[in-house]
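Single-letter residue listing:
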Amino acid sequence: MEHIPEKSSVIGIGIRSDPERVFLGISSYSGRSTIRCYLHSDLQTSAPPRFHSIISEHPEQDLISDLFSGTVDAAIRGTLSSHHTLQLLKETASVATLERVVLLETADGSRFFLGPVGIDEGWTISDKVSLIEKVKPLCQKFGLSEKVTVLSGGRLDDVGRHPAVDRSLADAELVARLTGGVHRGILIEEAVQDSGFIVAPDGVSGNLIFRTLLFLGRGRSHGAPVLNIPKIFVDTSRVNPNYLHALNLADNLIELSFLKKTSI
């Protein structure tokens, strides 16, 4: 019987600025997927020959449209506008908010998921519980510890120092109790030693943790998959120094077909 080769998967990545930096970062990609670069027409450039170029006046719209039509199997935001791209993603997926976690790696090689990382995400107890429920099996699939650490705004003995800290401590304690996680107060340095998922007090502090590790602590970001949509979308910072890790993460998510099974 004639062997029919397996169809190559396709990953789309958006490029609205700094195309040379993006191309340099992904030039060493050796994964199994075909890469389609969605470039804004103002850039007046195209991708290297080994990648496919999609030149568009509206790359955000075209990338999201191709993701949901099945033209691409996964999409990476790249250097596209965060506000515009994520708004389009929410509208197309018919969700009010997005649930994202970022896969981070410290300078000494410790890996963990962190969330929430969007400034408008993870502000309620139910938000955090929902995020934890989706990330636990993801940690297992990626070989990370299934232990969840919930952070708050102070040490456990800081009750009474400020009402906002008291609320943060109480909320984290409840989230940990509801999900089987561990409330560690502000001790993130302990959490990275044994936790596969670290829950920030809110999206603002999560975003600050992410940026501090990536840009000041010589850490690495592998991208932030969106967990509550039926497609694979990996969010990235526009100033991420290297998008190769996001391509590899998208490849792994395609192989696992994980997000489609756990999205709501």
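All of the points below concern the structure found in this document. (Residues numbered from 1 in each chain as written. Predicted model: local features only at pLDDT ≥ 70, side-chain atom pairs only at ≥ 80, totals over all residues. Heavy atoms only, no water.)

With that settled, the discussion passes to the environment of Thr236. One can find Thr236 in the loop between strand 12 (232–235) and helix 8 (244–256). Separated by 107 residues in sequence, Thr236 and Val129 have C-alpha atoms that sit 23 Å apart. Looking at Thr236, its side chain comes within polar contact range of the main-chain nitrogen of Gly78, at 2.9 Å. (Helix = DSSP H or I, 4+ residues; strand = E, 2+ residues; numbered from the N terminus. Polar contact = N/O pair within 3.5 Å; in protein donor to acceptor, adjacent residues only side chain to side chain.)

Any empty space left between atoms is shown by rolling a water-sized probe over those atoms. Taken as a whole, the largest pocket encloses approximately 580 Å³ of empty space. As for the largest pocket, its lining consists of 27 residues, and the residues nearest its centre are Arg77, Ser82, Leu86, Arg100 and Asp235. Sorting the residues of the lining of the largest pocket by element identifies helix 3 (82–93) and helix 7 (203–216) as the ones contributing at least two each. For the lining of the largest pocket, the element with the most residues is helix 3, which contributes five residues. Among the residues making up the lining of the largest pocket, the classes are represented as eight nonpolar, eleven polar and eight charged. Its volume calculated, the second largest pocket comes out at about 170 Å³. At the level of secondary structure, the elements contributing two or more residues to the lining of the second largest pocket comprise helix 4 (125–141), strand 7 (148–151) and helix 5 (163–179). (1 Å grid on protein atoms, 1.4 Å probe; cavity = no way out; pocket = protein on both sides within 12 Å on 5 of 7 lines; lining within 4 Å. Points joined across faces, edges and corners; volume = space filled by probe spheres on them. Nonpolar A, V, L, I, M, F, W, Y, C, P; charged D, E, K, R; others polar.)

A complete count under the given rule lists one aromatic pair for this structure. Arranged with centres 6.0 Å apart and planes meeting at 85°, the rings of Phe113 and Phe142 form a pair that is edge-to-face. Taken together, the positions of Phe113 in strand 6 (residues 111–115) and Phe142 in the loop between helix 4 and strand 7 put the pair 29 residues apart, joining distant regions of the chain. Among the residues examined, Phe113 registers a relative accessible area of 0% and is labelled buried. (Phe/Tyr/Trp six-rings, centres within 6.5 Å; stacked < 30°, edge-to-face > 60°. Buried < 20%, exposed > 50% of the residue type's maximum accessible area, 1.4 Å probe, protein only.)

This part covers the sheet that holds strand 1 (residues 10–15). Across the sheet, which stays open at both edges, the six strands sit in the order 3-2-1-4-12-11 with mixed pairing between neighbours. Taken across any chain shown, the strands that pair with only one partner, and hence form the sheet edges, are strand 3 (52–56) and strand 11 (224–225). Sheet topology note: the strand 1/strand 2 (residues 34–40) ladder contains six bridges and is parallel. Within strand 2, the residue paired with Ile11 across the bridge is Ile35. Helix 2 (residues 59–69) rests against strand 1, strand 2, strand 3, strand 4 (74–76) and strand 12 of the sheet, and its axis sits at about 150° to strand 2. (Pairing = 2+ DSSP bridges. Contact = heavy atoms within 4.5 Å. Axes fitted to C-alpha atoms, helices over the stretch in contact; angles between N-to-C directions.)

By themselves, these are just geometric observations and shouldn't be taken as functional.
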